[in-house]
Amino acid sequence: MSASLPLNSPSWNKAEFESRLNAFIEKEVPEPRLREIVLYALHTGGKRLRPRIIAESRPLVSGLTEDETYGLGIAIECVHTFSLIHDDLPCMDNDDTRRGQPTVHKKYTETDALLAGDILFSLAPLALKEEKPRFALSTAQNLSYCATAMIRGQHDETDMTRSWSKDRLKTTQHLKTGMLFEFAFSAGARWVYGPQHPVTQQLAQLGQGFGLAFQIFDDLEDIEQDGSSPKNWLNHFSRQEAKIMATRVLTHPFSDHFLTVQELRSRIEKLNPIP
Ligand code: IPE
Ligand code: IPE
Ligand code: MG
Ligand code: MG
């Protein structure tokens, strides 16, 4: 997504998140060069959307501590960053820049980018606080499940043997983008209440809705640049249908608890009038 969302919301302290993230990497990656590459990948201006969403879920999850919130945020940001480093590689999207700066393989080497992605993926569960082993195990398993789904979606997207359709678009999007947002929205509730609790399930549903709206919004915004891509939603739905679909999924009863959701909804509503 090109434009950036505002970063201030009541339960989110970005400076605190950045400082804990750096301390985590410094502790877990002692080799100076590898550490430098990993920190470069983590600090090129990402919006920290997923950790921010976890922080915003706190009022709905009584008992979720600050430490646990940041631990979950670091874990998901590590997985997200891994996905972007590998997504940019020449064998994938072959992008030279991300967030206006050289991609990791351009700034360093392809080997560096591959291994920086690998280490971020394998580090992620270590960020989960271990004082509550039962919760940590369930959450680590869910993170694994969501990351696996993201990779399945990435692979599905690269499968040139099949053509694009509405159904394929929905499935790929659900896997590729939706599952990490599902984790972000529901991880706090899962941590405290467990996977079967209605709040966890409702938040997971909101996460999927957010992922869908996020993707559609991206395509609506990017129509001038990649309008001819068969993966663009506007090649399968009219602009009006896409806009309605994206706004509708953001009317979930828990939406009002999340400034992130409110911001996305208002940005979709403000998009150019339907031609
Ligand atoms: C971009 O996600 C990748 C997709 C899922 C489409 P973000 O827009 O959250 O990326 P950053 O971290 O803020 O750059
Ligand atoms: C980014 O996907 C990676 C994942 C969602 C896992 P895209 O290739 O669609 O997004 P950008 O444009 O590179 O951020
Ligand atoms: Mg891609
Ligand atoms: Mg890409």
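Look up: the structure comes first, before these words.
Please read these numbers as outputs of a predicted model, since none were measured by experiment.

Draft legend 1. The overall build of the protein chain, seen in detail. On a plain count of helices and strands, the protein chain comes out with 11 helices and two strands. The order of helices and strands in the protein chain, counted from the N terminus, is α-α-α-α-β-β-α-α-α-α-α-α-α. Taken over C-alpha atoms, the radius of gyration comes to 18 Å for the protein chain, in line with the 19 Å a tight globule of 275 residues would show. C-alpha extents for the protein chain along the principal axes are approximately 55 × 45 × 35 Å. In the protein chain, buried positions account for 41% of the 275 residues. Contacts in the protein chain between residues far apart in sequence, at least 24 positions, make up 68% of those at least 6 positions apart.

Draft legend 2. Representation of the nonpolar core in the model. The biggest cluster of nonpolar side chains holds 67 residues, and the ones touching the most others in it are Ala-75, Val-79, Ala-116, Leu-180, Ala-184, Phe-210 and Ala-213. Apart from the residues lying within four places of it in its own chain, the contact partners of Ala-116 are Ile-37, Val-38, Ala-41, Ile-85 and Val-104.

Draft legend 3. Region of interest: the site of ligand 2. Looking at ligand 2, the residues that line it are Ser-83, Leu-84, Asp-87, Asp-93, Met-150, Gln-154, Lys-176 and Thr-177. Contributing elements (two or more residues each) for the shell around ligand 2: α4 (66-88), α7 (133-158) and α8 (166-193). For the shell around ligand 2, the element with the most residues is α4, which contributes three residues. Looking at the shell around ligand 2 residue by residue, the classes come out as two nonpolar, three polar and three charged.

Draft legend 4. Inspection of the packing of helix α1 (residues 14-28) against helix α2 (residues 32-42) at higher detail. At a minimum axis separation of 10 Å, α1 and α2 run at an interaxial angle of 155°. It follows from the interaxial angle that α1 and α2 lie roughly antiparallel. Judged by the twist between their axes, the crossing of α1 over α2 is right-handed. Contacts between α1 and α2 involve Leu-21, Ile-25 and Glu-26 from the first element and Arg-35, Val-38, Leu-39 and Leu-42 from the second. Across the contact of α1 with α2, the residue classes break down as five nonpolar, no polar and two charged.

Draft legend 5. Spotlight on the packing of α1 against α4. Taken N-terminus to C-terminus, the directions of α1 and α4 make an angle of 65°; their axes are 10 Å apart at the nearest point. Here α1 is positioned roughly perpendicular relative to α4, judged by the angle of their axes. α4 is crossed by α1, and the crossing has right-handed handedness. Where α1 abuts α4, its residues Glu-16, Phe-17, Arg-20, Leu-21 and Phe-24 lie against Tyr-70, Gly-73, Ile-74 and Glu-77. Tallied by class, residues from the contact of α1 with α4 come to five nonpolar, one polar and three charged.

Draft legend 6. Quick look at helix α10 (residues 239-248). Within α10 the residues assigned to the buried category are Ala-242, Lys-243 and Ala-246. The buried residues of α10 occupy one face: seen down the axis, they fall within an arc of 95°. Of the exposed residues in α10, the ones pointing more than 90 degrees away from its buried face are Gln-240 and Arg-248.

Draft legend 7. The arrangement of unusual backbone geometry in detail. The phi torsion at Arg-48 lies on the positive side, around 60°, for a residue other than glycine. As for its placement among the helices and strands, Arg-48 is situated in the loop between α2 and α3 (49-56). For Asn-94, which is not glycine, the phi dihedral falls at a positive 50°. Tracing the backbone through its elements, the reader meets Asn-94 in the loop between α4 and β1 (97-98).

Draft legend 8. Layout of α4. With 23 residues, α4 extends 33 Å from end C-alpha to end C-alpha; this agrees with the ideal 33 Å at 1.5 Å per step. Burial runs high along α4: 19 of the 23 residues are buried.

Rules of the game
Residues numbered from 1 in each chain as written. Chains lettered and ligands numbered in written order. Predicted model: local features only at pLDDT ≥ 70, side-chain atom pairs only at ≥ 80, totals over all residues. Helix = DSSP H or I, 4+ residues; strand = E, 2+ residues; numbered from the N terminus. Rg over C-alpha atoms; globule rule 2.2 N^0.38 Å. Buried ≥ 20, exposed ≤ 12 C-beta atoms within 10 Å, placed from the backbone. Contact = placed C-beta atoms within 7 Å. Core = buried A, V, L, I, M, F, W, Y, C linked by C-beta atoms within 7 Å. Near = placed C-beta within 6 Å. Nonpolar A, V, L, I, M, F, W, Y, C, P; charged D, E, K, R; others polar. Axes fitted to C-alpha atoms, helices over the stretch in contact; angles between N-to-C directions. Parallel < 35°, antiparallel > 145°, perpendicular 65-115°, else oblique. Left-handed = near helix turned anticlockwise from the far one by under 90°. Arc of directions from axis to C-beta. Expected span 1.5 Å × (residues − 1).

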